[in-house]
Amino acid sequence: MNLASIPSPSTGVIELGPIPLRGYAFCIIIGVFVAVWIGNKRWVARGGKAGTVADIAVWAVPFGLVGGRLYHVITDYQLYFSEGQNWVDAFKIWEGGLGIWGAIALGAVGAWIGCRRRGIPLPAWADALAPGIAVAQAIGRWGNWFNQELYGRPTDLPWALEISEGPNRVAGTYHPTFLYESLWCIGVALLVIWADRRFKLGHGRAFALYVAAYCAGRAWIEYMRVDEAHHVLGLRLNVWTAIIVFALAVAYIVISARLRPGREEIVEQEKDDAAAGKADEKKSDAADAPEADATDGDPAKDTPEAGADDSDPLKKKDSAPEAADKS
């Protein structure tokens, strides 16, 4: 018998006056705003301009949402395309189902587009945003609490999660894996902030540290879940994904530190400064050009001095052609 437990909400909809808002969507929206706010503060501290993170997020967030949903639908296609299922449900993102792997992958494509338009390096932008992404995930996981989904094995621990009877779920108390992952993500954010200050991480290594640390936690949390999932060699597909992505992130940190040690000194060039620099270069080129010949275009320099030789008959005789012999 449980002496204490975490109750689940009776509904997944939050009423904002006359506007109904699903708790899952609300958590995602709040998470995005917090991530951009943290990223902006870190970007400005690195020497960037305020607002740049938000401008690029306009590209990254939509791409990330599409990527997250695609990953979920592809890896759990039986929920939407098997017999008796309605494929239209694949578009109902508010009901839950975002794969972080697809969100980060396709979100990076959107961020790359935004960074190219602003002329800034993607790795530096990703480093600034990394802790914010972890906090956004911590907030977003509470959307699973609203939907009563992605819980773990049955347990009678004091912090067990109460699940009510419903479609594809049995009433009982389970491990609150959403809470475990939320707390883990907060720890990841703090780790990245500390390591970035301590070691001056740059060239995408702060972001890679976030990825590696998140995957380390996701592997054991995923192993506890009991919701339906594909298995490969006895392990859930997401466990294998976490292991592979973890290895890639660690390899990137090691190789990047050897090839490009240190941190970027300039992450965003001021447009006005860039224009002034080009103007200075033009002035410098003009000053370094060889001076034109002083006699060029000066008729007084090109003709003999007036009166210098005109009064000398001998010079005139010498300069005149010899007369023809008439004898």
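Please refer to the structure higher up on the page.
Just so you know, these numbers come straight off a predicted model, no measurement behind them.

What about the pattern of salt bridges?
Counted by the stated rule, this structure contains 12 salt bridges. When the shortest N-O distance is used, the salt bridge between E264 and R46 registers 2.9 Å. You can see E264 sitting in the loop between α9 (237–259) and α10 (271–288) and its partner R46 sitting in the loop between α1 (23–45) and α2 (52–75), a full 218 residues away along the chain. You'll find E264 and R46 in the same group, each marked buried. Ionic pairing is found between R236 and D227, a salt bridge with its closest N-O pair at 3.3 Å. Linked through salt bridges whose partners overlap, the residues forming this network are R141, E181, R218, E222, R225, D227 and R236.

Describing unusual backbone geometry
Its identity as a non-glycine residue notwithstanding, Q148 has a phi of 50 degrees, on the positive side. Note on placement: Q148 falls in the loop between α6 (142–147) and β3 (161–163). We classify Q148 as buried; its relative accessible area is 9%. One non-glycine residue, K200, lies in positive phi territory at about 55 degrees. Residue position: K200 is located in the loop between α7 (177–199) and α8 (205–224).

As for a nonpolar patch on the surface
Taken together, the side chains of Y77, F81, W87, V88 and F91 define a hydrophobic patch exposed on the protein surface, amounting to about 590 Å² of accessible area. Note on W87: relative accessible area 51%, which makes it exposed.

Cut-offs used in this document
Residues numbered from 1 in each chain as written. Predicted model: local features only at pLDDT ≥ 70, side-chain atom pairs only at ≥ 80, totals over all residues. Heavy atoms only, no water. Salt bridge = Lys/Arg side-chain N within 4 Å of Asp/Glu carboxyl O. Helix = DSSP H or I, 4+ residues; strand = E, 2+ residues; numbered from the N terminus. Buried < 20%, exposed > 50% of the residue type's maximum accessible area, 1.4 Å probe, protein only. Patch = residues over 30% accessible without salt bridge, like charges linked within 9 Å, V, L, I, M, F, W, Y side chains within 5 Å. Areas by Shrake-Rupley, 256 points an atom, 1.4 Å probe, with all protein chains shown as cover.

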